[in-house]
Amino acid sequence: FRVFFKNGSKTLAGFVTPIFEKGNLLLMVGDDLWYYVKETRRPTRITPIQRLAGAVSYGDLARLSWTLDYEIEAMDMNPQIIAEKSAIRLDLVAKTGAATYQKIKLWIEKSTNKPILSEVFLLSGKHFKTIEFTAFKNINGKEINTMMKYTDHLRKGESSILMFTDITSRKDIPDKYFIKTYLPDLSAEIIE
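Residues numbered from 1 in each chain as written. Predicted model: local features only at pLDDT ≥ 70, side-chain atom pairs only at ≥ 80, totals over all residues. Heavy atoms only, no water.

Trainee: Could you clarify how one ought to interpret the packing of aromatic side chains in this entry?
Mentor: For any two aromatic rings, the description comes down to two numbers: the centre-to-centre distance and the angle of the planes. Enumeration over the complete set of coordinates arrives at five aromatic pairs. Here phenylalanine 15 and tyrosine 35 contribute two aromatic rings whose centre-to-centre distance is 5.6 Å and whose plane-to-plane angle is 70°, an arrangement assigned as edge-to-face. A residue pair is termed long-range when its members are at least 10 positions apart, and phenylalanine 15 in the loop between strand E2 (10-14) and strand E3 (25-29) and tyrosine 35 in strand E4 (residues 32-36) qualify at 20 residues. Of the residues examined, phenylalanine 15 reaches a relative accessible area of 2% and is grouped as buried. (Phe/Tyr/Trp six-rings, centres within 6.5 Å; stacked < 30°, edge-to-face > 60°. Helix = DSSP H or I, 4+ residues; strand = E, 2+ residues; numbered from the N terminus. Buried < 20%, exposed > 50% of the residue type's maximum accessible area, 1.4 Å probe, protein only.)

In structure tokens, the structure reads:
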């Protein structure tokens, strides 16, 4: 994927591989999410929880923003050892029904506040996935999570890794990248 983020609430992802999906696009603006298949010429509205590939949902790629999408419902300040780190737990609840997950138990490293692991739940309360935050990189003075492992508990523990590489900060991302009606014209531009 080639992914562009803007203002925390806009995402455009272009499929680079596999070859049969090359040029397809995923656009999220606010709570609205569309999938554009280059042969159709029309974007289709989808939900963030729909499966993208393996154990990863569309919303996992487009946006999983703790501050925009969730509020803290409860906190457990008693440290636990998670992935060999002292961690505290935050119980998060979605601010809107459009969030990728409705409830999340998030363990953060006590000394750094970096996410270590989260358990995500469906509206029914069923444990859906576990997400492990496994790598961080300093980019332009900001610590960025660059690798996550997703384990899907509804698919017999199937797991996938989402890794971000070649991250750059750009201030010149055109506004047209985040307009649904421009998607048919952007396909080739995004994946090059």
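Back to the write-up after that little detour.
Trainee: Is there a simple way to explain the sheet that holds strand E8 (residues 70-82) in this structure?
Mentor: Adjacent strands of a sheet pair through backbone hydrogen bonds, lying either parallel or antiparallel. Strand order in the open sheet formed by seven strands is E8-E9-E10-E11-E12-E13-E14, and the pairing between neighbours is antiparallel. Single-partner strands in this sheet number two, and they are E8 and strand E14 (158-163). Here the average twist between neighbouring strands, direction ignored, is 20°. Across nine bridges, E8 lies against strand E9 (residues 85-94) in antiparallel orientation. (Pairing = 2+ DSSP bridges. Axes fitted to C-alpha atoms, helices over the stretch in contact; angles between N-to-C directions.)

Trainee: How do you make sense of the pairing of strand E11 (residues 115-121) when you look at a structure like this?
Mentor: In summary, the side chains of a regular strand alternate between the two faces of the sheet. Among the seven residues in E11, six count as buried, and that is most of the element. Inspection of the sheet shows strand E10 (residues 103-109) paired to E11 by six bridges, in the antiparallel sense. From the neighbouring strand, tryptophan 107 faces E11, where its bridge partner is leucine 117. Where E10 folds back onto E11 in an antiparallel hairpin, the turn is made up of five residues, including asparagine 113, whose phi is positive at roughly 65°. Bridging between E11 and strand E12 (residues 127-139) involves five bridges; their strand directions are antiparallel. Across the sheet, phenylalanine 121 pairs through a bridge with histidine 127, a residue of E12. Counting the residues between successive antiparallel strands, the hairpin from E11 to E12 contains five residues, one of them, glycine 125, with a positive phi of roughly 95°.

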